[in-house]
Amino acid sequence: MRKPMAYVLALLLAVLPAVPARAQPTAEESCAGTPPTLEHTDLSASRRPVVLVHGWAGERMTETATILQEKLGSRVSTFTFDYGPWSLHWASNEHIAPCLAIYITKVAKAHKDVRGDGKVVVVAHSMGGLALRYAMSWIPAGTVLEVITLGTPHLGSPWGGPDVAPLYEKALTLLGKEKPPDASGGHCLAWHEKGAPLLGDCGPLPPYLPAGVTVTQVAGDITVDRSLFGFTMYSLPLSTDGIVPVTSAHGYATSGDGGASPPGRATVRSRTQPCRADFAKLHETAALATFAPTVAFDYLTMQDLQRGSQTPTVMGLAFAAMFIASCGHKKQLADPKTTDQIVEVIKAMPPPFIDTSEVRFDGIGEFTLALTATDLRARGYVNKGNQYQGQNAACVRYAREGQPLGFSVESASGRVLAISNSAGVKALHTQVGNIRVNSTLSELRTAFAGHQIEEHLDHDFGQGSNGVIVNGPNGAIAFSLADAPSADYVSGRAAITYLNGVGLRGHAPTSAEDGC
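Here goes a summary of the coordinates provided. Everything numeric here is computed off the predicted structure, so don't read it as measured data.

**Quick word on the state of the cysteines**
Link 1 in the chain: Tallied over the full model, the rule gives three disulfides.
Link 2 in the chain: Here C188 connects covalently by a disulfide to C202, the sulfurs 2.1 Å from one another. With the S-S bond torsion at -95°, the cross-link from C188 to C202 turns out left-handed. With C188 in helix α6 (residues 185–188) and C202 in the loop between α6 and β5 (214–228), this pair connects stretches of sequence that are 14 residues apart. Comparing C188 with C202 shows no difference in burial state: the two are buried.
Link 3 in the chain: A sulfur-sulfur separation of 1.9 Å characterises the disulfide bridge that pairs C275 with C327. Residues C275 and C327 are joined by a disulfide whose S-S torsion is about -70°; by sign, that bridge is left-handed. Of this pair, C275 sits in strand β7 (residues 267–278) while C327 is found in the loop between α11 (312–324) and α12 (336–347), placing the two residues 52 residues apart along the sequence.
Link 4 in the chain: Residue class for C275 comes out buried when judged on its relative accessible area of 6%.

As structure tokens, then:
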């Protein structure tokens, strides 16, 4: 089936993805040679570290990293893992999976060193997604938070297998790639049904990701339009990015042993990025690759597509379309719409570090009173419920493990009433203007002289405590005061012990109510 096109397949070069193979001892023992080092980055606690992993025969994903950095700004710091010299090898090779594990672990540690949470997002193209699956056995649990795969062939590719791999390898080894001593990536990429094993010399199927990891798999989906005088007569839906069919790029959940995803494992989401290619332009590209005779008879291709057959006509059309369609396997790395898919996923994630140094009347850090329960759930916050004197209160508490802020949400409307500390209010030593912990009541009165100040000095600030609420134009900030003699409250010498939080007027969190 593929041999009539054999001499053309070398054109794939840096385009084809791949799949994984075997498991080994420790990452340090398995990552032969020089362990990977981190490139210079502007990593900080408030930036989510994003590791990008290229695919079979690929190179460092610097262009994609630059695009993400431009679109996400200070939200992220990007790192690009490169196994270029060994990129013809299978994903489980000692230079790939274990070295990737070391690299990700180093990124996580660097983030913790700057007071971040040490949780990493991995964006993997093609075989990079399979390399990650092998690498996870060496990465500490909880390190990888989110995985985004682009055109990863979880079920292989019709371009892979023993017929075509030697051609790829011969062409690419001439360009400096190391020839695999055993099964290569292209060889092991052979298409396989759900749950079916890899080729005999490729080792076991890649393991599933651990529980707690969210996988977003993005598939390119090319449609070819047949036009006449500017009008589209009909279209050929290829259901592939030219190399990896949509069914394979979306095949994570059924790519393990037996084809069934084990319960309690990673959460899986599938996205498709469609794009179109005009037949006339495609035919010009195909002619250069001597696919023209095959591509010209596209009515035959339509029949093959309807049967779901990966015939030379289908493969020829898909291969040519890949070079001109924006969501094609190689072009998707810089495609604005495809990279927007990555941006959307990362933007929906909770921040790695909540900067509580900025307190305003409308919120703390990037969290504002304009948020809703839906927004909080999208950021990973969970409804913790709330009862007051044995009765369900009119609002509930939302919190997220490992994050310092909690939210009081009105049950009926879902709006946020207040933002306070979810892990012990005294831990939130936040400065507001020039007012900080141990500032005096007198200093607070002076700092907020232009605002309405509610002084609760008769042990009515919640559970018999004393405190102050400052009402601003779009919210209220609550402070707790230290126990002191009455004279200290009158004179203003009483000290501020901590910031309770920020809330709407009438809902500023006190030490007992937390905004409810």
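Right, picking up where we left off after that structure.
**Some details on helix α3 (residues 97–113)**
Link 1 in the chain: End to end, α3 covers 24 Å across 17 residues, agreeing with the expected 24 Å (1.5 Å per residue, within 8%).
Link 2 in the chain: Residues A97, P98, C99, L100, A101, I102, Y103, I104, V107, A108 and H111 constitute the buried set of α3.
Link 3 in the chain: Along its buried surface, α3 packs onto α1 (27–30), β1 (48–53), β2 (76–81), β3 (120–125), α4 (127–135) and β4 (144–150).
Link 4 in the chain: A positive phi of about 75° marks R115, the residue just after α3.

**Details of the sheet that holds strand β9 (residues 363–364)**
Link 1 in the chain: The strand order β8-β9-β10 describes an open sheet built from three strands, whose pairing is antiparallel. Each edge of the open sheet is held by one strand with a lone partner, namely β8 (359–360) and β10 (367–368).
Link 2 in the chain: Bridge count between β9 and β10: two bridges; the pairing is antiparallel. Counted as the bridge partner of G363 is T368 from β10.

**Describing unusual backbone geometry**
Link 1 in the chain: Despite not being glycine, S126 has its phi angle at roughly 55°, a positive value.
Link 2 in the chain: Counting through the fold element by element, S126 comes out in the loop between β3 and α4.
Link 3 in the chain: A residue is classified by how much of its surface remains accessible, and S126, at 1% relative accessible area, is buried.
Link 4 in the chain: Phi is positive for N438, close to 80°, though the residue is something other than glycine.

**Comments concerning the pairing of β4**
Link 1 in the chain: The buried count for β4 comes to seven of seven residues, which makes it a mostly enclosed element.
Link 2 in the chain: Bridging between β3 and β4 involves six bridges; their strand directions are parallel. Its bridge partner being in β4, V120 is matched across the sheet by V144.
Link 3 in the chain: Once the chain exits β3 it traverses α4 before rejoining the sheet at β4, and the crossover so formed is right-handed.

**Description of the pattern of salt bridges**
Link 1 in the chain: All chains considered together, the criterion is met by twelve salt bridges.
Link 2 in the chain: Put simply, R48 and D117 hold a salt bridge, and the shortest N to O gap is 2.9 Å. Of the two residues, R48 is situated in strand β1 and D117 in the loop between α3 and β3; the sequence distance between them amounts to 69 residues.
Link 3 in the chain: In this structure, K71 and D340 form a salt bridge, with 2.7 Å as the shortest nitrogen-oxygen distance. Separated by 269 residues along the polypeptide, K71 in helix α2 (residues 62–72) and D340 in helix α12 bring together distant segments of the chain.

**Structural notes on the side chain of S184**
Link 1 in the chain: With respect to the helices and strands, S184 occurs in the loop between α5 (165–173) and α6.
Link 2 in the chain: According to the relative accessible area criterion, S184 is buried, its value standing at 1%.
Link 3 in the chain: At 3.1 Å, the side chain of S184 forms a polar contact with the backbone nitrogen of H187.

**Brief notes about α4**
Link 1 in the chain: Burial within α4 is extensive, with nine of its nine residues counted as buried.
Link 2 in the chain: Within α4, burial applies to M127, G128, G129, L130, A131, L132, R133, Y134 and A135.
Link 3 in the chain: For α4, the elements touching its buried residues are β1, α3, β3, β4 and α6.

**Focus: the nonpolar core**
One recurring pattern in soluble globular proteins: nonpolar side chains tend to sit buried together.
Link 1 in the chain: V51 and I104 are the most contacted members of the largest nonpolar core, which has 59 residues in total.
Link 2 in the chain: Considering each element in turn, this core owes the most residues, nine residues, to α3.
Link 3 in the chain: If we ignore the near neighbours within four places in the chain, the residues touching I104 are V51, V120, V122, L132, I139, T143 and V144.
Link 4 in the chain: Counting residues in each nonpolar core, the second largest holds 31 residues, with L371, A373, Y398 and V416 among its members.

**Some points on the packing of α2 against α12**
When two helices pack together, their arrangement is given by the angle between their axes and by how far apart the axes lie.
Link 1 in the chain: For the pair α2 and α12, the least separation of the axes is 10 Å and the interaxial angle reads 55°. Judged by the angle between their axes, α2 and α12 are oblique. Crossing handedness for the pair α2 and α12: right-handed. For the pair α2 and α12, contact is made by T64, I67, L68, K71 and L72 and by P336, T339, D340, I342, V343, I346 and K347, respectively.
Link 2 in the chain: Residues that form the contact of α2 with α12 fall into these classes: seven nonpolar, two polar and three charged.

**Comments concerning the environment of T254**
Link 1 in the chain: Structurally, T254 can be placed in the loop between α7 (246–249) and β7.
Link 2 in the chain: Through-space distance from the C-alpha of T254 to that of H154 is 8.5 Å; in sequence the pair is 100 residues apart.
Link 3 in the chain: Residues in contact with T254, not counting those within four places in the same chain, are L155, K194, G195, Y208 and G259.

Criteria and thresholds
Residues numbered from 1 in each chain as written. Predicted model: local features only at pLDDT ≥ 70, side-chain atom pairs only at ≥ 80, totals over all residues. Heavy atoms only, no water. Disulfide = S-S within 2.5 Å. Helix = DSSP H or I, 4+ residues; strand = E, 2+ residues; numbered from the N terminus. Buried < 20%, exposed > 50% of the residue type's maximum accessible area, 1.4 Å probe, protein only. Expected span 1.5 Å × (residues − 1). Contact = heavy atoms within 4.5 Å. Pairing = 2+ DSSP bridges. Right-handed = clockwise from strand over helix to strand, strands pointing away. Salt bridge = Lys/Arg side-chain N within 4 Å of Asp/Glu carboxyl O. Polar contact = N/O pair within 3.5 Å; in protein donor to acceptor, adjacent residues only side chain to side chain. Core = buried A, V, L, I, M, F, W, Y, C linked by side-chain atoms within 4.5 Å. Axes fitted to C-alpha atoms, helices over the stretch in contact; angles between N-to-C directions. Parallel < 35°, antiparallel > 145°, perpendicular 65-115°, else oblique. Left-handed = near helix turned anticlockwise from the far one by under 90°. Nonpolar A, V, L, I, M, F, W, Y, C, P; charged D, E, K, R; others polar.

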